[in-house]
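One-letter residues, chain by chain:
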Amino acid sequence: MTEPSGETAPEAPEDGEQDAVEQDAAGREDAAPSSGAAEPAETPEAAETPEAVETSEGAETSEAADGAEPSKDAAPELSEAQAELAAQRELRARIEARKAEKSGPVESGGKLSGTAADLLAAVRAVEGGSASGGAFYAPAPEPPRAPRPPETTVRPAAPTAPPAPTAGALAGVREVLARGGAPETLAGQAAAALGEQAAEALTEDPWRLLAVTGVRPEQADGFARALLGGACGPDDPRRAVALTVWLLDRAALQGHTALTLDEVAAGLARHEVPDPEKAVETAVSEGAVLVFQEEEPEEAEPEDAEEGEPSEAAVAGDEGPAEPPLLGLDRYALAEESLADGLARLVRTVTAEEWDGGELERAVGGHGLVLHTGGEAARAEPLALAAAARERGLRVLVTVHDAERVGAEDRAAGTTVPLAALLSGTAGPGRDEEGALALDLLVVLDAPQLDVETAAMLVEALPDGCRLVLGGDPEVLGSAGPGAVFADALAARVCPRVASRRPDPGPLGELVSGIGIGELNQVEAPGKEVVIVPVRDAGEAVHRTVQLVADSVPRAFGLSPEQTRVITVGHGGSAGTRALNTALKQRLNPGPGRFGGYDPGDRVAYAPATGRTVTGTVLGADAEGLRLSTGEGEVVVPKERVESALRHGWALTAHQAAGGRWPAVVVVLPGDAAPGLSRPWVYTAFGRAERHLSVVHGVDQALPRSVAEVLAPARTTRLRPLLIGLLATPDEE
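Residues numbered from 1 in each chain as written. Predicted model: local features only at pLDDT ≥ 70, side-chain atom pairs only at ≥ 80, totals over all residues. Heavy atoms only, no water.

Participant: Would you explain the environment of Leu422 in this entry?
Facilitator: Within the secondary structure layout, Leu422 lies in helix H17 (residues 419-424). Each C-alpha atom, one on Leu422 and one on Leu397, is 9.9 Å from the other, the two residues being 25 residues apart in sequence. (Helix = DSSP H or I, 4+ residues; strand = E, 2+ residues; numbered from the N terminus.)

Right, dumping it as structure tokens:
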């Protein structure tokens, strides 16, 4: 704050001066007669006194105040008038003395302190030439401030889609594709996969066309022959590298984050690569893929072992590595390592506390990572945990896989949000200054649907000391993307695992629970909770499915067709999602498909990213693209992505439906569906129904056999050994 100048603004009188003025007034009162006689008329000197006192404000304390009163011994007795005049003269003299003191030379800064003294010292330094005048404009150091609590209201902007390829890049790619005999319709995907220099990349290495989804090796070989002629062959190193990457990309679609060297070599041999081992070495040396050799933890040698005698562990080590070497792409390797490090960070930074309550509450109080398993009814337990933690004053959030499972009350309160919306920043508590979510406890339901890249993003966003609960049903199908996060964390045995004992109720719960242990039981369903509809062929399966969705289920249960989902094994085939959606659209929302094959009111399944499906309804179209209404809000699908990222969505695959749940479900099993059935598939499909399940059954004994005997193939991942290496303790099994 700037101090006022003594010339332009009055200053408050200092303590010493105030004392002097009060002493002067006291002297006048003492000198005044006690009889109450009238005082003489005010003289000019007396009239000046108040003004003089005001102008003297800010002056230093006068030492004359101590001698303001004359000594009675030194002066003769005065009359009242003389005493008054004497007092006035004395006051006048003191005022004049102070005026003279102000007009005379002043010892600058003699009594200044603090900021004023520092400023005076700086002025003198400039006048003396020992400092520059620019010093006046240097910002003063800010006083120390108390630490500011982290911001929790600022949300990061939702990630934007990558910029569309420029017209020049697309034209260049079309020209190269045309020379190689490839469809020009691949230009957009090729430019998106390979970047602005896609034309040059394809010219130098035609096998990079395999980076485009749907392109097969034989098609890439034909493209390369057209461009390179006799300069290429099956042993071309570029072909070997591209095929190795393609094999690992294909494996990621099946959920693997890595493959063994033998599996990759066998895949290369199937595509006529002359020397698969050399091809793998070439891919590794060029950095296209990474090789990993997971090491088993060293065991301490027994104390009673004789000196020089090799231990059992050493003998076993001489026989070869316990685990075969793995090949993987860097993006999945980085995601798994980041996820393992992040989970270990949470475990190590949480302060253990004793929480009252059930087994889950006690486990979460003492640990940073807890796994909770159970069926649909068991979801109530982590939800109760979240409510209890809020009562403790913690910042708590629950996140789910499917936005349609967020109730209106939870959505309004912000206590439960879709996982995709949480990661994009469009929902949830936002981030603090360091980019971490402002949370003390995060409960993730549907954890089996977490792919490794999504899980890594989520854990990286959690602050130190945050507790994480991963909950879900381990019997359902795994994530549509690569990785087995929940299964690997369970298998690693490095954190508490709480299994719910709460069974799913009713006939549907009994049916699904039996499937989970390999038994397809016939259950009593007095309320038609489960209905089997036998069919002879795929055509009849499609017909009966449409009849169930449009007529039978709405009539029996009072549900609209929008409340029913159809689940089938795959997209193709005579009763796959394509055939079923075509028939359902014709019955439920017929139209010309004026917006790229879609009409307002169409039910659709949108894939914003590989392995993630969002269901919604078409609202319309504009210059930007197709507008959808989804559980996450309104979404615009760009025109160039409608064909590749959108499907009609009355019928879904079980992987697309996993994590969702609807009042009624129709599971379609035509005869050609038998090879795709497994216990997890049936468990997932049947478990999506809340009130009613219809099974359009055409696979005879293949259904009970698949439930009893066929398990989902294991996924090859690296997360489990990474977690064991970071978190396992010697006393853990």
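That covers the picture; the talk isn't over yet.
Participant: Is there a simple way to explain the sheet that holds strand E14 (residues 625-630) in this structure?
Facilitator: Strands sit in the order E15-E14-E13-E12-E16 across an open sheet of 5 strands; the sheet is antiparallel. Bordering the open sheet on either side are strand E15 (633-638) and strand E16 (646-648), each of which pairs with just one other strand. Averaged over all neighbouring strand pairs, the angle between strand axes comes to 45°, with direction disregarded. (Pairing = 2+ DSSP bridges. Axes fitted to C-alpha atoms, helices over the stretch in contact; angles between N-to-C directions.)

Participant: I would appreciate a short explanation of helix H6 (residues 187-194) in the present structure.
Facilitator: Three or more residues of H6 are buried, namely Ala187, Ala190, Ala191 and Leu194. Down the axis of H6, the buried set is contained in an arc of 95°. They therefore lie on one face. Those residues of H6 that are buried are in contact with helix H5 (167-179) and helix H7 (198-204). Positive backbone phi, at 90°, marks Gly195, one or two positions downstream of H6. (Buried < 20%, exposed > 50% of the residue type's maximum accessible area, 1.4 Å probe, protein only. Arc of directions from axis to C-beta. Contact = heavy atoms within 4.5 Å.)

Participant: In this structure, what is going on with the packing of H5 against helix H8 (residues 217-228)? I would like to understand it.
Facilitator: Across the interface, H5 lies against H8 with an axial gap of 8 Å and an inter-helix angle of 90°. The angle between H5 and H8 places the two elements in the roughly perpendicular class. Each of Val176, Leu177 and Arg179 in H5 lies in contact with H8, whose residues at this interface are Phe223, Ala226 and Leu227. Of the residues belonging to the contact of H5 with H8, the class tally is 5 nonpolar, no polar and 1 charged. (Parallel < 35°, antiparallel > 145°, perpendicular 65-115°, else oblique. Nonpolar A, V, L, I, M, F, W, Y, C, P; charged D, E, K, R; others polar.)

Participant: What am I meant to see in the side chain of Ser500 here?
Facilitator: As for its placement among the helices and strands, Ser500 is situated in the loop between strand E9 (497-499) and helix H20 (506-516). Engagement of the side chain of Ser500 in a polar contact is seen with the side chain of Glu381, the distance being 2.8 Å. Engagement of the side chain of Ser500 in a polar contact is seen with the backbone nitrogen of Arg502, the distance being 3.1 Å. Contact partners of Ser500, with chain neighbours within four places excluded, come to His372, Thr373, Gly374, Ala378 and Glu381. (Polar contact = N/O pair within 3.5 Å; in protein donor to acceptor, adjacent residues only side chain to side chain.)

Participant: What is the right way to look at the pairing of E14 in this model?
Facilitator: Direction of pairing for strand E13 (residues 612-621) relative to E14: antiparallel, over a ladder of 5 bridges. The residue bridging Val618 from the neighbouring strand is Leu628, located in E14. A loop of 3 residues connects E13 with E14, the two strands running antiparallel in sequence. Examined bridge by bridge, E14 and E15 share 6 bridges and lie antiparallel to one another. Considered in E15, the bridge of Ser629 is made with Glu634. Here E14 hands over to E15 after 2 residues, the two strands then running antiparallel side by side.

Participant: Would you take a moment to explain the packing of H20 against helix H25 (residues 679-686) for this structure?
Facilitator: How two helices pack is summed up by the angle between their axes together with the distance between the axes. Their axes nearest at 9 Å, the elements H20 and H25 cross at an angle of 165°. By the angle between their directions, the pair H20 and H25 is classed as roughly antiparallel. As for the relative orientation of H20 and H25, their crossing is left-handed in sense. The residues of H25 that touch H20, namely those facing Leu511, Val512, Ile515 and Gly516, are Arg679, Val682, Tyr683 and Phe686. Among the residues forming the contact of H20 with H25, the class breakdown is 6 nonpolar, 1 polar and 1 charged. (Left-handed = near helix turned anticlockwise from the far one by under 90°.)

Participant: How do you make sense of the pattern of salt bridges when you look at a structure like this?
Facilitator: Two side chains that carry opposite charge are able to pair once their charged atoms sit near each other. This model, assessed by the stated rule, comprises 22 salt bridges. Note that Arg536 is salt-bridged to Glu540, the shortest N-O span being 3.7 Å. Note on Arg536: relative accessible area 73%, which makes it exposed. When its relative accessible area of 19% is taken as the criterion, Glu540 is described as buried. The closest approach of N and O atoms between Glu632 and Arg612, which form a salt bridge, is 2.8 Å. (Salt bridge = Lys/Arg side-chain N within 4 Å of Asp/Glu carboxyl O.)

Any link to function would need more than the numbers given here.
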